[in-house]
Amino acid sequence: DIDNCDAKIFGGGNEADFYGTTRITFTQGKVGYIFGGGNNAHVYGNTIVEVLGGEVCNDVFGGGQNGGVYPYKSAGSPYGYTDGSFGGNTTVIIRSDCLKMNAGNTDFDKNADGVILPNRGTTPYYTSDNDASTVAKGLYELAPSNYPDGVTNSVKVTGNVYGGSWGLDPAKAVDAKVVKDTKVYIQGNIEIGGNVYGGGNAGVVEGNTDVKIGECN
C-alpha cells in the first residue's frame, strides 16, 4: 500500500502530454494528492478518477497540476481522428460502503461486460484498442472499474475535491483548463474535510459542471 501524505498520483505524464484516456482507481492506503491529468502537461482525451477507499491527505483533482484536459488531437494518431471529436472531459467518483448501482440509476450505465460507468447517452464506451471493430467506431475510452457488490472501505479526503485542474503556477494557469465538462459524484461513507467544486483551483472549466452528493442508491 501507499502510505505517504507527500506523494502525488497523476494519471497523465510528467512534463509530457498524454493522448487518450487516463484512469486512476484508488482503493486503499494514504496519499497526498490525486490528479486525473498530468504534472505540467496536458491530457488530450478524458480523465477518470475513482476513490473507493483509503485516505487522500490533501486534494483530489479531475484535471492536472499546471495541466489541462483537452479534446484529442489527431496529429500523430495512427487512427487519424478528427480534431476535437473525443475528450476534454473529467469524471471524479468518490464512493464507498455502497451496493452495486442498480439499473434504475440513469447517471450510470453498463458496458457489454457489465462494467458500471458514467452514462454517456448514445455513445458507448470502448474497452480495447486492439479490436478492429472497436477501433473503427472511434478512439476507445477506458471504462471505470466495476464496483463490487459490497464495498466496506471508508474514504477520507482531508482537503478539497475538484472536477477541474490546479493552476498552481500563475504563468501556466491559463492552460490548466478543462475544455469540455466535469462530473463529480460523491456517495456513501465519505469524509471530506474541505469543499467540493465542480470546477478547478485557479483552473478554468469551459463546459458544464455536474456535482452530485448523496446516499447510495
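Data block above holds the structure.
Residues numbered from 1 in each chain as written. Predicted model: local features only at pLDDT ≥ 70, side-chain atom pairs only at ≥ 80, totals over all residues. Heavy atoms only, no water.

Engineer: Explain unusual backbone geometry to me, using residue names and the numbers behind them.
Structural biologist: For E15, which is not a glycine, the phi torsion comes out positive at approximately 55 degrees. Tracing the sequence through the fold places E15 in the loop between β1 (3–10) and β2 (18–19). Even without being a glycine, N40 presents a positive backbone phi close to 55 degrees. Assignment of secondary structure puts N40 in the loop between β4 (30–35) and β5 (43–44). On the basis of relative accessibility, which here comes to 23%, the residue N40 falls in the partly exposed class. (Helix = DSSP H or I, 4+ residues; strand = E, 2+ residues; numbered from the N terminus. Buried < 20%, exposed > 50% of the residue type's maximum accessible area, 1.4 Å probe, protein only.)

Engineer: An account of the pairing of strand β15 (residues 182–188) is requested, with residue identities and associated values reported.
Structural biologist: Extensive coverage of β15 is indicated by the burial of five of its seven residues. One ladder, built from seven bridges, connects strand β10 (residues 90–96) with β15; its direction is parallel. Bridge pairing in β15 links I94 to I186. Bridge count for β15 against strand β18 (residues 209–214) is six bridges, and the pairing is parallel. Bridging across to β18, I186 finds its partner in I213. (Pairing = 2+ DSSP bridges.)

Engineer: Can you tell me about the side chain of N160, naming the residues and giving the values?
Structural biologist: Inspection of the secondary structure puts N160 in the loop between β13 (155–157) and β14 (161–162). Taking the relative accessible area as the measure of exposure, N160 reaches 16% and is therefore buried. Side chain to side chain, N160 and Y162 meet in a polar contact 3.1 Å long. When neighbours within four sequence positions are excluded, N160 is seen to be in contact with N58, D59, V60, G194, N195 and Y197. (Polar contact = N/O pair within 3.5 Å; in protein donor to acceptor, adjacent residues only side chain to side chain. Contact = heavy atoms within 4.5 Å.)

In short, the description is geometric, and any link to function would need to be established separately.
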